[in-house]
Amino acid sequence: MPSPELSPIVVERVLWGLAPLLGVAALVLSVWVARNRGVVGTVEVQVARRRAVRIALVASYAVAAAVLLAFARELPRVPLGLDLALGFYVLWLSPGFQDSKFGSSGVQRGWHARRFGELEEWRLTGDHLRWKLFGVWISSDLPKERHAAVREKLVALVPDRESPFSQ
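Below is a summary of the structure that appears in this document. Counting restarts for each chain: residues are numbered from 1 in the order of the written sequence. In view of the model being predicted, local features appear only for residues whose pLDDT reaches at least 70, and side-chain atom pairs are presented and counted only at 80 or more, with totals across whole chains, interfaces and linings using the full set of residues. Only heavy atoms go into the side-chain values, all of them from the structure, while hydrogens and water stay out.

We now examine the side chain of R54. Secondary structure elements follow DSSP: runs of H or I no shorter than four residues count as helices, runs of E no shorter than two count as strands, and numbering proceeds from the N terminus. Mapping R54 onto the fold places it in helix α2 (residues 51-71). With a 1.4 Å probe rolled over the protein chains alone, any residue whose accessible area is under 20% of its type maximum counts as buried; one over 50% counts as exposed, and the rest are partly exposed. In this charge count, Lys and Arg are treated as positive and Asp and Glu as negative; neither His nor the chain ends contribute. In what follows, salt bridge is the name for a side-chain nitrogen of Lys or Arg lying within 4 Å of a carboxyl oxygen of Asp or Glu. One buried charged side chain, R54, makes no salt bridge at all; its nearest oppositely charged neighbour is D99, positioned 5.2 Å away. By the convention used here, residues are in contact when the closest approach between their heavy atoms is within 4.5 Å. Residues in contact with R54, not counting those within four places in the same chain, are L91, W92, L93, S94, P95 and G96.

This is the structure:
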């Protein structure tokens, strides 16, 4: 049975239909990232795990987009380019799930950030500030030599939320 071919008009409509969806995703992500920046404040300690994987993913996307634009001449250029650009922006801006930030006013792990005063519970162990997010312990990297100053700050802000299991 021969495979049905999509008409050029259907392909163009699909590509134009993706643009507003990707635009909304880019807008929501931009607001999310800006909010997290405001919550964390000036970043003092940042660890980006799996950096090589992320770079490979972004590079692969860019190469695939370039090949698609160069060789798929029958596809409409404007909506295809717009979709690829918005997709690249979303991929580039998205935080890694294991990325960690410790800032002047809060912490972030992956997509989620909290001000120090919003931490459900916290403890300093090893090279981390561990904190609860939705009832689950997660961590932000923090060198042990910074623990005393951070403990002082957290005890001043939320003394009743230090975990009884702190060292």
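Two strands in a sheet stick together by hydrogen bonds in their backbones, pointing the same way (parallel) or opposite ways (antiparallel). Pairing in this open sheet of four strands is antiparallel, and the strands run β1-β2-β3-β4 from one edge to the other. Two strands in the sheet have a free side with no partner beyond their single neighbour: β1 (43-47) and β4 (112-115). Going from strand to strand, the sheet's axes swing by 10° on average, the running direction of each strand aside. The pairing criterion is simple: DSSP has to find at least two bridges between the two strands. Two elements, β1 and strand β2 (residues 100-103), share four bridges in a ladder whose sense is antiparallel. Where helices are involved, their axes are fitted lines through C-alpha atoms of the stretch in contact, as for all axes, and angles between N-to-C directions lie from 0 to 180°.

Remark: nonpolar core denotes a set of buried residues (Ala, Val, Leu, Ile, Met, Phe, Trp, Tyr, Cys) joined through side-chain atoms within 4.5 Å. F102 and L129 are the most contacted members of the largest nonpolar core, which totals 14 residues. Elements that contribute at least two residues to this core include exactly β5 (122-125), β6 (128-133) and α4 (147-157). If you tally residues by element for this core, the top one is β6, at three residues. Once you skip the residues sitting within four places of it in the chain, L129 turns out to touch F102, V107, F116, W122, R123, L124, I138, S139, S140, L142 and L154.

Strands sit in the order β5-β6-β7 across an open sheet of three strands; the sheet is antiparallel. Only two strands of the sheet have a single partner each, and these edge strands are β5 and β7 (136-141). Averaged over all neighbouring strand pairs, the angle between strand axes comes to 30°, with direction disregarded. Contacts from α4 reach β5 and β6, with the element oriented near 170° to β5.

Function cannot be read off these values alone, since they describe shape.
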